[in-house]
Amino acid sequence: MAFAAAALLSTSSVSAQPAQTPTLIPAQMHSITLTGGSGLSMGSAGGNDAYVTHTPVFIDAAWRTWHNTMPQWVYGFSLRAEVDGRTSIGFVPRFEFSRTVGRVSLRPGIAGVIFFAPYELVGPEASLTVDVRLGSVVSLVGAMALDVFFLGSDVPPRSAIFAFNGALGVAIHL
Amino acid sequence: MERSVSRSTSSLRGLVAFALVAALGAGCDEGRCVRHSDCVSPLICLATNCVPVPTDADADAAVDATADTGAADVARDTASDAAGDAASDIVVDASADASADAAGDAAKDVSDAAKDVTDASDADLDAAD
C-alpha cells in the first residue's frame, strides 16, 4: 500500500513537470538574399511572329520575412536591376509557400514584377526557389522564374513578352 | 564498352554546351527585339523588329515617291484641264461681285498656273514623241 502511494506520488510529480522539449518563442524571422540571373525572353506579336533572345542580366536584392509559428508562409519584396545593355530598376513584391526538408527549403511562389525606371514593364511572375542551408546564417539560393509582361512603356504594341529566367545567389538569415 | 559510354557522355556535354552558347548568343541580332529597350535609340520595337519611329516626314516621303512615278504625268494633264475650268469660273464670279481688279489678279494667277501645267504637259508629249 505504501509502495503504491509512493508510485502514485512519483507519477503525479513527473506529470506536473513540463516536458523537456524546446519551446518555440514566437518571433518574426527575416532573410536577405542577393542573386544574379538571366535567361531567355520571347516576344510575340501574334501569329508566327515571335523572337527569342536572352534576358538582360539582372541583380535581385530580396528581403523575405515569415513568422516562426507559420514558417510555411513567406512574403517580402525585391529590388531588381537590369545591368546588361541597359539600366533599369524594378520592384518585386512576392508571396511564397515554403517547405523544408532537412537543410533544403523549396519555395514555390508568385510575384508581381514592376520595372518603373527609366521605362515601365509590368507583369506577374511564378517562381520556384531552392534554399540550401550551409549553416545557421548562410544559405545558397537558386531560383527559376517564369514572367509574362504585357503592360508598360517597354512592351511593343499588340505584343507580350515571356521570360524564363534562372538566378543564383546567397541568402543571409537574420 | 567503356569507351563508347565516355564518347556518349562527351557528345551530351557538347550538345549542352552548344545549346547554352546558342541560347546566350540568340540576342546578337540587332535588328530583332522583344522590347523597345532592345533597340538602339531612336528605334522602337514593332512586331519583333527594330524600326524608326513613324513621323509626318514619312507621309511626305510617301507623297514624293508617288510624284516620281509615271502616274504624275497623267495627273498633271488632268490638272491642266481643271485649272482652265477654275480660271473661267473665277472670272465669272469676279464679274458678278464687281471686284474686277482682285478677280482679275486671281484669274491671272490661276491662268498662269494653268499655262505652266499645260506647258509641262506639252513638254511631256514632246518627250514622248
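Computed from a predicted structure; not experimentally measured.

1. Focus: the interface of chain A and chain B
Point 1. Counting residues at the interface gives 22 residues for chain A and 16 residues for chain B.
Point 2. Across the chain A/chain B interface, buried area totals approximately 1500 Å², and carbon plus sulfur atoms make up 57% of it.
Point 3. Between chain A and chain B we count 3 salt bridges in total.
Point 4. At the surface where chain A touches chain B, the tally comes to 7 residue pairs in polar contact (both at pLDDT 80 or more).
Point 5. Put simply, the parts of the chain that give the side of chain A that touches chain B at least two residues each are β1 (28–44) and β2 (50–67) of chain A.
Point 6. Per-element accounting of the side of chain A that touches chain B gives the leading share, 6 residues, to β2 of chain A.
Point 7. For the side of chain A that touches chain B, a count of residues per class yields 13 nonpolar, 5 polar and 4 charged.

2. Remarks on empty space enclosed by the protein
All names here are of chain A.
Point 1. Per the stated rule, a full pass over the model turns up 2 cavities of 30 Å³ or more.
Point 2. Its boundaries defined by the atoms lining it, the largest cavity holds a volume of some 190 Å³.
Point 3. Within the residue set of the lining of the largest cavity, elements represented by two or more residues are β1, β2, β4 (88–97), β7 (121–133), β8 (138–149) and β9 (160–173).
Point 4. In the lining of the largest cavity, the residues fall into 7 nonpolar, 6 polar and 6 charged.
Point 5. Volume-wise, the second largest cavity comes out at about 100 Å³.

3. Side note on the pattern of salt bridges
Point 1. As enumerated under the stated definition, the model contains 9 salt bridges over all chains in all.
Point 2. The structure contains a network of salt bridges with shared partners spanning Arg64, Arg94, Glu96, Arg107 and Asp131 of chain A.

4. Some remarks on unusual backbone geometry
Point 1. Looking along the chain, the bond that leaves Ala117 of chain A and enters Pro118 of chain A is cis, with omega of 0°.
Point 2. Relative to the elements of secondary structure, Pro118 of chain A occurs in the loop between β6 (104–117) and β7.
Point 3. Backbone torsion omega between Ser41 of chain B and Pro42 of chain B reads 10°, so that peptide bond is classified as cis.
Point 4. Looking at where Pro42 of chain B falls in the secondary structure, it is placed in the loop between α1 (2–24) and β1 (44–46).
Point 5. We note that Arg158 of chain A has phi near 50°; this positive angle belongs to a residue other than glycine.
Point 6. Structurally, the position occupied by Arg158 of chain A is in the loop between β8 and β9.
Point 7. Within the chain, Ala47 of chain B stands out as a residue other than glycine whose phi angle is a positive 55°.
Point 8. On the secondary structure map, Ala47 of chain B appears in the loop between β1 and β2 (49–51).

Each value, and the rule that gives it
Starting from 1, residues in each chain are numbered consecutively following that chain's sequence as written. Here every chain gets a letter starting at A, and every ligand a number starting at 1, in the order they are written. Whole-chain, interface and lining totals are the exception, using all residues; otherwise, since this is a predicted model, local features are given only for residues with pLDDT of at least 70 and side-chain atom pairs are given and counted only at 80 or more. Here the side-chain values reflect all heavy atoms present in the structure, with hydrogen atoms and water set aside. When checking whether two residues touch, look at their non-hydrogen atoms; a contact exists if any pair is within 4.5 Å. The term buried area means the drop in 1.4 Å probe accessible area that two parts suffer when joined, counted for both and summed. We define a salt bridge as a contact between a side-chain nitrogen of Lys or Arg and a carboxyl oxygen of Asp or Glu at a distance within 4 Å. In protein, a polar contact requires one atom able to donate a hydrogen and another able to accept it; more generally it is a pair of N or O atoms within 3.5 Å, and residues adjacent in sequence count only if both atoms are side-chain atoms. Helix and strand assignments come from DSSP, with helices taken as H or I runs of at least 4 residues and strands as E runs of at least 2, each series counted from the N terminus. Any residue outside Ala, Val, Leu, Ile, Met, Phe, Trp, Tyr, Cys, Pro, Asp, Glu, Lys and Arg is labelled polar, Gly included; the first ten of those are nonpolar and the last four are charged. Cavity: a set of points on a 1 Å grid over the protein atoms alone where a 1.4 Å probe fits but cannot get out. Pocket: an open set with protein on both sides within 12 Å along at least five of seven lines, its lining residues, like those of a cavity, having an atom within 4 Å of a point. Grid points are joined across faces, edges and corners, and a volume is the space filled by probe spheres set on the points.

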